[in-house]
Structures are given as C-alpha cells and as structure tokens.
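Spelled out from the first residue to the last, the chains are:
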Amino acid sequence: MKKLTAIALALLLCVGLLSGCGITVVQYTGEGAVTPAPTAEPGTDTPLEIPEGELAMGFNMIANLAFGHSGSSNATADANGLAQANVDIYAVTLNSEGVIVDCKIDAIQCKVNFDAAGQLVTEVGTEYLSKMELKDDYAMRSASGIAKEWFEQVEALEAYCIGKTPAEVAGIALDDAGKATDADLIAGITMPLGDFIAGVVGACDKARVNGAKEGDTLYLHSVSAMSDSSKSASEEGDGLAQCDTTAGAYTIAADGTITDIELDCVQTKININTAGEITNDQEATAVTTKTDLEYDYDMLKASPIGKEWFEQTNFFEEYCIGKTVAEVAATEVNPENGHVAESEVDLVAGCTMNINDFVAVLNKAA
C-alpha cells in the first residue's frame, strides 16, 4: 500500500543518573512507538512485516521556524534582521530482520534578511543548499572540538546507525549536554544528538514496504528557495519571508530504475512589520509539511482534477516507480509553470501540478 499518513512522534528524554555519571538514556515511547525488530506499522501496534529480500523505506521531514539566540532576529538601525527556518530530513531502509541497512541525514537552513523598515534584502528566488551539499562551506570545522565539519560528523552518525535496530538507535546514551557517551560515537560526532535520534527513529517509524529490494541504493535530497510569495512590509500589512523546501527519499536498483520514492514539501513563513520586527508567535515554531496537512493544505479548489496536493504527489510517486531518473526527467511539462503537460496521459489523470522541484530532487542522484 502506498504512503500511509504520517503519525505524530513522541520522543521523551528520560534522564537517569547512572552511578553519578550523569548519563541520559533516550527512550522512544508513546503512540506508534518503535519497538525491537521488526518495527511497527505506522499508526498501529502491528509489527511491520518486511519480506526477506525486500526493504522498508522511511522518510521523515521536520521543519521549524528558528527563533532565539541562534536564529531569527529583528532588524536594527545598525544591522539587518534575519528570518530563519530550519528543515531537517531523514531517510532509512530496514531489512526483514528490522535492522537499519542505510541511513541518510541532512538539514537546510533557509535565511532571509530584511532591513529596519521591513524591506526584504534577500533576493526572491535565492536558493539554499543543504548542509551536506555545503560541506566545508558550512564552516563549522573551526568550532569543532574534533576538527570535523557538520557533514563529516553526520556521516559518522549515519554509519553508526547502520546495522542497528530502531530501538537501539533510540537507546543511544547521552550525557547531560545531549552528547554521546559511546567511545565510537565520540570519535566521530560531538554535536548534541537528541534531535538526530528523534529524526532517525521517526523515519524508521514511518517506514513501509513499497518495492525497495536488498541491494538498492538509498538517496535523500532536497531543493529549497525563497518563494516569490515573499514580500516587503508596507502600510497595507506585514511583509512575508517565505521559503519552500521540497525533499525526497528514494531507492534505485542496479539497473537504474526507481523502486520506491517518497516526496514532501514545506512552506516556512515568517512575517515582518514596517519597524523591522518579526510578528510571528515565537512559541509556535513547528511547521507542518504539505503531506501531513493533507486536505488542510486546501488546494482542491484550484485543482482541475479535484485532487489535493498529497494525492497528486502520491500519484506522481507511483508514476516514478519502475522508471529511471532520466525517464522521469523527460516528462513533458508546461514551460511557463512546470505543470504536467496534457500530452502525458498516464500522469495527468492523477497529477497536473508543477513537478519541477520533484524532478530536481531526483536529478541530484546523478
């Protein structure tokens, strides 16, 4: 069965001081909790059955508006303000024994500057590379106690997760600062791990069997840009710093065909007034993806085929399976708006919207 509606995650950080060592054990509990292999069917207590030779693929996308000392800030007479949103993405594959076969982690920081009059300084259409794409340009190495860049530390965590069950990942021991206590992990990553663990376990929790096979390669990619819906503040109302991020996880077989795929998109929106101040409720930071919004995204009235965004995306995903990336990229679209061309009879029955970002995500596998 194709994509199941994602369930809400519950991740409780239970602090247990072990013999005065100050070790925190991360335990994943609550509805839909991941248990030892095999993992649970999303939204149920029924174990997810993964046939021998097949893989379950899980994709998890988490977005938040970044407020506070390390995120968004109001403009002043001396400095531009910053509207920042963070999008974290995770993908896993699990085998019939419920063990993680591959793990991919990435993150995107969407940053829009504005001045003390609420005028946008960042140019509409600005694209944002993920931290994995930035590599050394993310420039965290000088602040790292082990002289490793973000991508290197995350690659170490990915490698550590491979071969473990979701429950074992959820049980990674952390100190009071949220950092690993395991010697193998400390050697490769010194960043706090709580959010990473929640993201990986969440991807495992959302895993489903949909065509991936052992030996397939897992990919995780994204495209992100400042939306043309963004606008400066004026007497008529607040300005808007909006960034749209599309991401996807997919598996590709040795013959180059796509065997499974999951795509999603999130629109992060920060409002600014004419005094250069952010007007969002800064206690409400989580942003729901289009897939999780389902009918609340409210695209039905604009759809010529009467299908919501998540329904059209599901249809597009099914269309991709069995095709190569090149074959999907060759899908004819309207050059003016990226919408699927009427000549694509097999696709327009269930998907007529702009697919350019979906194709761009897939093309990054090349």
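So, how was this worked out
- Residues numbered from 1 in each chain as written.
- Predicted model: local features only at pLDDT ≥ 70, side-chain atom pairs only at ≥ 80, totals over all residues.
- Heavy atoms only, no water.
- Core = buried A, V, L, I, M, F, W, Y, C linked by side-chain atoms within 4.5 Å.
- Buried < 20%, exposed > 50% of the residue type's maximum accessible area, 1.4 Å probe, protein only.
- Helix = DSSP H or I, 4+ residues; strand = E, 2+ residues; numbered from the N terminus.
- Phe/Tyr/Trp six-rings, centres within 6.5 Å; stacked < 30°, edge-to-face > 60°.
- Lys NZ or Arg CZ within 6 Å of the ring centre and 35° of its normal.
- Pairing = 2+ DSSP bridges.
- Axes fitted to C-alpha atoms, helices over the stretch in contact; angles between N-to-C directions.
- 1 Å grid on protein atoms, 1.4 Å probe; cavity = no way out; pocket = protein on both sides within 12 Å on 5 of 7 lines; lining within 4 Å.
- Points joined across faces, edges and corners; volume = space filled by probe spheres on them.
- Nonpolar A, V, L, I, M, F, W, Y, C, P; charged D, E, K, R; others polar.
- Disulfide = S-S within 2.5 Å.
- Polar contact = N/O pair within 3.5 Å; in protein donor to acceptor, adjacent residues only side chain to side chain.
- Contact = heavy atoms within 4.5 Å.
- Expected span 1.5 Å × (residues − 1).

A. Inspection of the nonpolar core at higher detail. Counting 34 residues, the largest nonpolar core has Trp150, Leu193, Phe196 and Val200 as the members making the most contacts within it. Looking at this core, the elements with two or more residues in it are strand S4 (81-94), strand S5 (100-114), helix H2 (150-161), helix H3 (166-170) and helix H5 (194-205).

B. Just unusual backbone geometry, in detail. Not every positive phi belongs to a glycine, and glutamate 294 is a case in point at roughly 50°. Its place among the elements puts glutamate 294 in the loop between helix H6 (290-293) and helix H7 (309-320). Notably, aspartate 298 is not glycine yet its phi reads approximately 65°, a positive angle. With respect to the secondary-structure elements, aspartate 298 resides in the loop between H6 and H7. The exposure class assigned to aspartate 298 is partly exposed, which follows from its relative accessible area of 44%.

C. Structural view of the packing of aromatic side chains. According to the stated counting rule, one finds 6 aromatic pairs in the structure shown. The ring of phenylalanine 151 carries lysine 135 above its face, with NZ or CZ at 4.5 Å from the centroid. A cation over a ring is seen here: lysine 164 above tyrosine 160, with NZ or CZ 3.8 Å from the ring centre.

D. Spatial organisation of the sheet that holds strand S10 (residues 258-272). Spatially, 3 strands are ordered S8-S9-S10 in an open sheet, and the strand pairing comes out antiparallel. In this open sheet, the two strands that pair with only one neighbour each are strand S8 (217-226) and S10. Strand-to-strand twist of the sheet, defined as the mean angle between neighbouring strand axes without regard to direction, takes the value 15°. As judged from the 10 bridges shared by S8 and strand S9 (residues 239-252), these two strands associate in the antiparallel manner. Of the residues in S9, the one forming a bridge with methionine 226 is cysteine 243.

E. Layout of the layout of surface pockets. Of the voids in this model, the second largest pocket is the one considered here, and its volume is about 920 Å³. Around the second largest pocket sit 37 residues that line it, and Asp244, Gln267, Lys290, Asn354 and Asp357 are the ones nearest its centre. Among the elements of the structure, S8, S9, S10, H7 and helix H10 (356-363) are those that each provide at least two residues to the lining of the second largest pocket. Grouping the constituent residues of the lining of the second largest pocket by class yields 14 nonpolar, 16 polar and 7 charged.

F. Spatial organisation of the state of the cysteines. If you walk through the whole model with that rule in mind, you get 0 disulfides. Its sulfur unpaired, cysteine 110 is 4.5 Å from the next cysteine sulfur, which belongs to cysteine 243. On the accessibility criterion, cysteine 110 (1% relative accessible area) is buried. Cysteine cysteine 204 is unpaired, with the sulfur of cysteine 103 as its nearest cysteine sulfur at 7.3 Å. Residue cysteine 204 is classed as buried on the basis of its relative accessible area of 0%.

G. Representation of the side chain of glutamine 84 within the structure. Along the chain, glutamine 84 falls in strand S4. Among the polar contacts listed, one links the side chain of glutamine 84 to the side chain of asparagine 86, at a separation of 2.9 Å. When neighbours within four sequence positions are excluded, glutamine 84 is seen to be in contact with Leu65, Ala66, Ser70, Gly71, Ser72, Gln109, Cys110, Lys111 and Ile270.

H. The environment of leucine 347, seen in detail. Along the chain, leucine 347 turns up in helix H9 (residues 345-348). Residues in contact with leucine 347, not counting those within four places in the same chain, are Phe315, Phe316, Tyr319, Thr331, Val340 and Ile355.

I. Layout of the environment of valine 359. Examined against the element boundaries, valine 359 turns out to sit in helix H10. Classification of valine 359 by relative accessible area gives buried; the value is 12%. Residues contacting valine 359, with those up to four places away along its chain left out, are Val328 and Ala329.

J. Seen up close, H7. For H7, spanning 12 residues, the distance from its first C-alpha to its last is 17 Å, which sits close to the expected 16 Å at 1.5 Å a residue. Within H7, 9 of the 12 residues are buried, which leaves it mostly tucked inside the rest of the structure. Of the surrounding secondary structure, the elements contacted by the buried residues of H7 are S10, H6, helix H8 (325-329), H9 and H10. One or two residues past the end of H7 sits glycine 322, with phi positive at roughly 95°.

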